[in-house]
Amino acid sequence: QAQLMESGGGSVQAGGSLRLSCVASGLDIDKSCMLWFRQAPGREREGVARIGPSGYRFISDSVKGRFTISKDNAKNTLYLQMDSLEPEDSAVYYCAAWRIFYCSDWNADTWGQGTQVTVSA
């Protein structure tokens, strides 16, 4: 039973940092495309970052230079390090996986429950 469990969200002032974690069970992150999405109220869901089985990383332009995606295969855990946070980054952040073994777009077939990130000015 594939499951993704997110943690690390919270409230932070602009310029601060947060690290989100996503523990996977029922799937191996080193055999999947792993992704982070976010969705703010009234906004469409946005792909933030993804990392493939090969280790290839893609960071969206809106967060490049500030966010870093990484994973620990031994712990089957995905991370999103968020630095220099801005109020515009406030959203529910979702961990996701695409087990078709491609990582060339923003598709996913398994989703976490989401974790709230709030950045105050």
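Preceding this paragraph is the structure being described.
The structure reproduced in this document is the subject of the present report. Worth saying up front: this structure is predicted, and the values here are computed from it rather than measured. Going along each chain's sequence as written, the residues are numbered from 1 onward. Where totals are concerned, whole chains, interfaces and linings use all residues; where local detail is concerned, this predicted model gives features only for residues with pLDDT of at least 70, and gives and counts side-chain atom pairs only at 80 or more. As a rule here, side-chain values cover all heavy atoms of the structure and leave hydrogens and water aside.

1. Concerning the overall build of the protein chain
This is how the line gets drawn: Here a strand is any run of E in DSSP of at least two residues, a helix any run of H or I of at least four, and the numbering for each starts at the N terminus. Computation of the radius of gyration draws on C-alpha atoms alone. For the globule rule, the value is 2.2 Å times the number of residues to the power 0.38. Buried residues are those whose accessible area, probed at 1.4 Å on protein chains only, stays under 20% of the maximum for their type, while exposed residues exceed 50% and partly exposed ones sit between those limits. Note on definitions: a residue-residue contact is assigned when non-hydrogen atoms from the two residues lie within 4.5 Å. All accessibility values rest on the Shrake-Rupley procedure with a 1.4 Å probe; residue burial counts only the protein chains present in the view.
Assigned secondary structure in the protein chain consists of zero helices and eleven strands. Reading the protein chain from its N end, one meets helices and strands in the order β-β-β-β-β-β-β-β-β-β-β. Over its C-alpha atoms the protein chain spans a radius of gyration of 13 Å, differing by no more than 12% from the 14 Å that the globule rule assigns to 121 residues. Overall, the protein chain is about 40 × 30 × 25 Å in size when its C-alpha atoms are taken along their principal axes. Within the protein chain, the fraction of its 121 residues that count as buried is 43%. Of the contacts made within the protein chain by residues no fewer than 6 positions apart, 57% connect residues no fewer than 24 positions apart. Just so you have it, the protein chain exposes about 6200 Å², and 46% of that area is on carbon and sulfur atoms.

2. A look at the nonpolar core
Quick reminder of the rule: For this analysis, a nonpolar core means a set of buried residues of the types Ala, Val, Leu, Ile, Met, Phe, Trp, Tyr and Cys, connected via side-chain atoms within 4.5 Å.
Counting 26 residues, the largest nonpolar core has Met34, Trp36, Leu80, Met82 and Tyr93 as its most contacted members. Every element with two or more residues in this core is listed here: strand E3 (18-25), strand E4 (33-39), strand E5 (46-51), strand E7 (67-72), strand E8 (77-82), strand E9 (91-98) and strand E11 (115-120). Leaving out residues up to four positions away in the same chain, leucine 80 has contacts with Leu18, Arg19, Leu20, Trp36, Val48, Ala49, Phe67, Thr68, Ile69 and Tyr93. Listed in part, the six residues of the second largest apolar core include Cys33, Leu35, Ala96 and Trp98.

3. With respect to the state of the cysteines
The test is simple: The definition used for a disulfide is geometric: two cysteine sulfur atoms within 2.5 Å.
In total, this model carries two disulfides according to the counting rule given. Paired by a disulfide, cysteine 22 and cysteine 95 hold their sulfur atoms 2.0 Å apart. On the sign convention where negative is left-handed, the bridge of cysteine 22 and cysteine 95, at about -70 degrees about the S-S bond, is left-handed. Of this pair, cysteine 22 sits in strand E3 while cysteine 95 sits in strand E9; the two residues are 73 residues apart in sequence, bridging distant segments of the chain. Classification of cysteine 22 by relative accessible area gives buried; the value is 1%. Classification of cysteine 95 by relative accessible area gives buried; the value is 0%. With a sulfur-sulfur separation of 2.1 Å, cysteine 33 is cross-linked through a disulfide to cysteine 103. Looking down the S-S bond of the cysteine 33 and cysteine 103 bridge, the torsion is 55 degrees, so its handedness is right-handed.

4. Digging into the sheet that holds strand E1 (residues 3-7)
Here is the rule: One bridge is not enough; two strands pair if DSSP finds at least two bridges between them. Axis definition: a line fitted to C-alpha atoms, over the contacting stretch in the case of helices. Angles run 0 to 180 degrees between N-to-C directions.
Taking strand neighbours across the sheet as the criterion, the four strands line up as E1-E3-E8-E7 in an open arrangement whose pairing is antiparallel. Two strands in the sheet have a free side with no partner beyond their single neighbour: E1 and E7. Averaged over neighbouring strand pairs, the angle between their axes works out to 20 degrees when direction is ignored. Summarising the sheet, E3 and E8 pair through six bridges and their orientation is antiparallel. Counterpart to leucine 18 in the pairing with E8 is methionine 82.

5. Here's the deal with the environment of alanine 40
As for its placement among the helices and strands, alanine 40 is situated in the loop between E4 and E5. Measuring from C-alpha to C-alpha, the distance between alanine 40 and aspartate 72 comes to 28 Å, with 32 residues separating the pair along the chain. Sequence-distant contacts of alanine 40, defined by excluding residues within four places in its chain, comprise Ser90 and Ala91.

6. Here we look at unusual backbone geometry
Phi is positive for asparagine 76, close to 50 degrees, though the residue is something other than glycine. Positionally, asparagine 76 belongs in the loop between E7 and E8. Owing to a relative accessible area of 14%, asparagine 76 belongs among the buried residues under this scheme.

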